[in-house]
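Remarks on the overall topology
Listed below, chain by chain, are the residues.
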Amino acid sequence: MKAIIQIPCFNERATLPQVIADLPRELPGFSRVEFLVVDDGSTDGTAEVARELGVHHVVRHRRNRGLARAFRTGLDAALRLGADVIVNTDGDNQYAAADIAALVRPIVEGRADVVIGDRQTARQPHFSPTKKLLQRLGTAVVRQLSGTDVGDAVSGFRALSREAAIRLNIVSSFSYTTEMLIQAGHKGLAVASVPVRVNPATRESRLFRSTWRFVERSATTILRMYAMYKPLRVFLTMGVLLGLAGAVPIFRFLWLWATGAAGGHVQSLLLGGVLVILGFITLVIGIVADLIGFNRQILELTLESVRRQELDAARPAAAEPAPAPERRTPALERSEAG
C-alpha cells in the first residue's frame, strides 16, 4: 500500500525543513511513503524550499485560496498519485510526526475510514483557558450533529482512506475540519480518534484574526453543513418554534375574548397570525430543501462515479516510482490556477 503525507502550506519557509525532517520514511503496513506539499500562494519561497528538501510532489496555487481549498487540492493530487491512505499535517510543525503510525493504524487494520488526531487540549499548557473551553464546546456540538465520537473536532492532524477521500467533498473556503466530520458522519464513514502529541507553538495561528472571529466562521460552517444534510429537521424545528411563539398571543387573545376583555388586544391576534404564517412558510421551505437534498445526493453519486473513472484511468501513471526524499532529487511540481 502507498501512503501520502500532505502538508498544506502558506509562507512556511521557516518551519517546513523541520516538518519534513520529522516525517517518517517508512510506516507499518505500507510499501511506499511519499510527501506532498501544497503551496497555497506563498510569497516566501515555500515551494522552492520543498524542492530543495527533496519533497516528492509539490502542488502550487498561484494565489492564496485558504486552508480548506489547499486541503482539497492536496486530496485530489494524492488520489491521482495513487494514495491508499492520505495523512494531513500542518506546515507549522504543530503535530508530532512520530504519531503518524498510530494515526494510520485504524485504517490499516480496517477499523476506520477517517482518523482524527486528538491533541488532548485540556492538557496543553500553551492553550489558553478560553481556547480550551471553546474547543470542548465546539467538539461536543460537532459530535452531536455528526454522530461521530471524536475528542478534537478541529484538529488538522488526520488520516483518510482512499475511499473516504473519494466520497468527501469539501466546499467551505474557511476550514475543512468540522465540515469533513459532518459529511463523514452523514455518509456512513467509520470515524475514529486517537491521542496525539503536539510540539511547542512556533507562531500564532494564521487561520483567524481573533478567537471570536474563528467561532463565528466555524459556527456558520457547522450550521450550513448540518442544514445541507438535514434540511427538513432544521426547518421543521424553526417552523415549530415560530408556530408555538405565534400560538401564545393567539391563545391570549382568545382567552380575553372569552372573558369579554378582548377590546384593544387585536394586536395579539395579528402578531400571532404573522408568526404562525411564518412558521408554515418555514415548514414548506424545509420540504422543498429536503427534496433539493435528494437531488444533491444524486449529484454527489454522479460526481463520485466520475471521480472513480478518472482515477482508474490515471492509476497506471501513478504507479511510477517516486524519488526518495533523502536523495534530495527535484520534486514533481504542478501549478494550480487560483
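Attention in this report is confined to the structure presented alongside it. Residue positions are given per chain, counting from 1 as you read along its sequence in written order. Selection of residues for local features in this predicted model requires a pLDDT of at least 70, selection of side-chain atom pairs for listing and counting requires 80 or more, and totals for whole chains, interfaces and linings are taken over all residues. Excluding hydrogens and water, the side-chain figures rest on all heavy atoms present in the structure.

This part covers helix 5 (residues 129–146). Secondary structure is summarised from DSSP: a helix means a run of H or I of at least four residues, a strand means a run of E of at least two, and numbering begins at the N terminus for each. Helix span is expected to be 1.5 Å times the residue number reduced by one. Here helix 5 is 18 residues long and its end C-alpha atoms lie 26 Å apart, about the 26 Å a rise of 1.5 Å per residue gives. Any residue under 20% of the maximum accessible area for its type is buried, any over 50% is exposed, and the rest in between are partly exposed; the area is computed with a 1.4 Å probe on protein chains only. Of the residues making up helix 5, those classed as buried are Lys 132, Gln 135, Thr 139, Val 142 and Ser 146. All buried residues of helix 5 fall inside an arc of 100 degrees around its axis, so they share one side. Residues of helix 5 that are exposed and point more than 90 degrees away from the buried face comprise Pro 129 and Gln 144. Positive phi shows up at Gly 147, right after helix 5, with a value of about 70 degrees. This arc describes the spread of directions from the helix axis toward the C-beta atoms.

Each aromatic ring pair is summarised here by two numbers: the centre-to-centre distance and the angle between the ring planes. A pair of aromatic rings is counted whenever rings of Phe, Tyr or Trp (Trp by its six-membered ring) have centres within 6.5 Å, and the orientation is called stacked for planes under 30 degrees apart, edge-to-face for over 60 and tilted otherwise. With the rule as written, the count across this model stands at 2 aromatic pairs. Each ring, one from Phe 71 and one from Tyr 176, has its centre 3.9 Å from the other, and the planes form 5 degrees; the classification is stacked. One end of the pair, Phe 71, is in helix 3 (residues 67–80); the other, Tyr 176, is in the loop between helix 6 (162–167) and helix 7 (177–186), and 105 residues separate them in sequence. Between Tyr 95 and Phe 157, the ring centres sit 4.9 Å apart and the planes meet at 10 degrees, which makes this aromatic pair stacked. Within this pair, whereas Tyr 95 is found in the loop between strand 4 (85–88) and helix 4 (100–108), its partner Phe 157 is found in the loop between helix 5 and strand 6 (158–161), the two being separated by 62 residues in sequence. Only lysine NZ and arginine CZ atoms are considered, and such an atom sits over a ring when it is within 6 Å of the ring centre and within 35 degrees of the ring normal. Over the ring of Tyr 229 we find Arg 296, and its NZ or CZ is 4.4 Å from the ring centre.

A few words now on the pairing of strand 5 (residues 114–118). With 5 of 5 residues buried, strand 5 lies mostly within the body of the structure. Both faces of strand 5 are covered, namely the face carrying Val 114, Ile 116 and Asp 118 and the face carrying Val 115 and Gly 117. Should DSSP find at least two bridges between two strands, the strands are taken to pair. Relative to strand 7 (residues 191–195), strand 5 is paired through 5 bridges, and the arrangement is parallel. Its bridge partner being in strand 7, Gly 117 is matched across the sheet by Val 194.

Before going further, it helps to spend a moment on the pairing of strand 6. Side chains of strand 6 alternate between two faces, with Arg 158 and Leu 160 and Ala 159 and Ser 161 buried alike. Judged from the 4 bridges that link them, strand 4 and strand 6 form a sheet pairing that is antiparallel. Bridging from a neighbouring strand, Asn 88 pairs with Arg 158 of strand 6. Note: strand 5 against strand 6, 3 bridges, orientation antiparallel. Bridge assignment links Val 115 to a residue of strand 6, and that residue is Ala 159.

A separate point is the environment of Cys 9. Locating Cys 9 in the fold gives a position in strand 1 (residues 2–9). Classification of Cys 9 as buried rests on a relative accessible area of 2%. Taking the C-alpha atoms as reference points, Cys 9 and Gly 91, separated by 82 residues in sequence, lie 5.3 Å from one another. If near-sequence neighbours (up to four positions away) are discounted, Cys 9 is found in contact with Leu 16, Val 37, Val 38, Asp 39, Asp 40, Ser 42, Thr 46 and Gly 91. What makes two residues a contact is simply this: any of their non-hydrogen atoms within 4.5 Å.

Moving on, we get to helix 9 (residues 231–258). For helix 9, with 28 residues, the first-to-last C-alpha span of 40 Å sits near the 40 Å given by 1.5 Å per residue. Those residues of helix 9 not exposed but buried are Pro 231, Val 234, Gly 239, Gly 246, Pro 249, Phe 253 and Leu 256. Note on helix 9: the residue one or two positions beyond its end, Gly 260, has a positive phi of about 80 degrees.

Further remarks concern the side chain of Gln 6. Along the chain, the position of Gln 6 falls in strand 1. On the basis of relative accessibility, which here comes to 0%, the residue Gln 6 falls in the buried class. In this view, Gln 6 contacts Leu 36, Phe 71, Gly 74, Leu 75, Ile 86, Val 87, Asn 88 and Thr 89; residues no more than four positions away in its chain are not counted.

Despite not being glycine, Asn 11 has its phi angle at roughly 55 degrees, a positive value. Among the secondary structure elements, Asn 11 is positioned in the loop between strand 1 and helix 1 (16–22). Positive phi, close to 65 degrees, is recorded for Asn 93, a residue that is not glycine. By secondary structure assignment, the location of Asn 93 is in the loop between strand 4 and helix 4.

On their own, these measurements won't tell you what the molecule is for.
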